[in-house]
Amino acid sequence: MRTKFKAWAKPYLEEHKELVPNLEALISSNKNICLEIGCGKGLFLISTATKNKDKVFIGIEKNETCAGYTAKKIVENKIDNAYLIAFDIEKYFLLFPASSIEAIYLNFSDPWPKKRHHKRRLTGDKFINFYKSILKENGKIYQKTDNRELFDFSIENFINNGFKIEEIDYDYKIDENSDCLSEYEKSFREENKTIYRLVATK
């Protein structure tokens, strides 16, 4: 589902700089901080933040148009515990202090199916080392995907990098009391696609 370019997105993001998180201030507030890497148009981010007002959620999205949609949802729904970083996560590797994040959500990330592109996967070694650094002790990573090959790759790579796999589900039936849908998941479930889910703990 490729998102069409929208010219309004960039000026809208520039107009709403208040959505960019002040990481130092958030961390010093001692609130539990969660990241969604690749938040798309923001459905999961907004829904999760609404359900968990005691936590702070930061969405990271490099596609400018998708980030614009997310920003609109945050502003129009007056969500005061959700923030947005509209850049590639790699540009922020050094900005997150060690042991500062409670949870990371990876919802339907690009599977990068060609082997030469596996290093770009959000569960590749480079990214997993980043997660290990920023997660608190016993911090968790929640991954959902419709791609079985990516799922198997992720399980193996988390284990190889010292994570404990707490949950593995090869046909995940969502409990909307404890979880939320992303735009991709909503579409895939309407198409009766199989959803895979894991929870990995540092």
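Our structure's up above, just so we're on the same page.
Presented here is an overview of the structure given in this document. (Residues numbered from 1 in each chain as written. Predicted model: local features only at pLDDT ≥ 70, side-chain atom pairs only at ≥ 80, totals over all residues. Heavy atoms only, no water.)

What to know about the sheet that holds strand β1 (residues 32-37)
Spatial strand order, β3-β2-β1-β4-β5-β7-β6: seven strands in an open sheet with mixed pairing. Edge positions in the sheet fall to β3 (82-85) and β6 (164-169), since each has one partner strand and no second. Taken pair by pair, the neighbouring strands of this sheet meet at an average axis angle of 15°, ignoring direction. Taken together, the four bridges between strand β2 (residues 55-60) and β3 define a ladder with parallel strand orientation. Paired with I58 across the bridge in β3 is Y83. (Pairing = 2+ DSSP bridges. Helix = DSSP H or I, 4+ residues; strand = E, 2+ residues; numbered from the N terminus. Axes fitted to C-alpha atoms, helices over the stretch in contact; angles between N-to-C directions.)

Description of the pattern of salt bridges
Following the criterion strictly, the structure yields 13 salt bridges and no others. Among the ionic pairs, K55 bridges to E102, the shortest N-O distance being 3.2 Å. Pair noted here: K55 is in strand β2 and E102 is in strand β4 (residues 101-107), with a separation of 47 residues, a long-range link. Its relative accessible area of 22% is what places E102 among the partly exposed residues. The partner of D152 in a salt bridge is R148, and the shortest N-O contact between them spans 3.1 Å. Linking D152 with R148, this pair stays in helix α6 (residues 148-160), spanning four residues, or about one helical turn. (Salt bridge = Lys/Arg side-chain N within 4 Å of Asp/Glu carboxyl O. Buried < 20%, exposed > 50% of the residue type's maximum accessible area, 1.4 Å probe, protein only.)

Comments concerning the pairing of β1
In terms of burial, β1 is a largely internal element, five of the six residues being buried. As judged from the six bridges shared by β1 and β2, these two strands associate in the parallel manner. In the strand pairing of β2, I33 is matched with V56. Each parallel crossover has a hand, and for β1 linked through helix α3 (residues 43-51) to β2 it is right-handed. Pairing of β1 with β4, which is carried by three bridges, proceeds in the parallel orientation. Residue C34 lies in a different strand from β4, and its bridge partner there is A103. (Right-handed = clockwise from strand over helix to strand, strands pointing away.)

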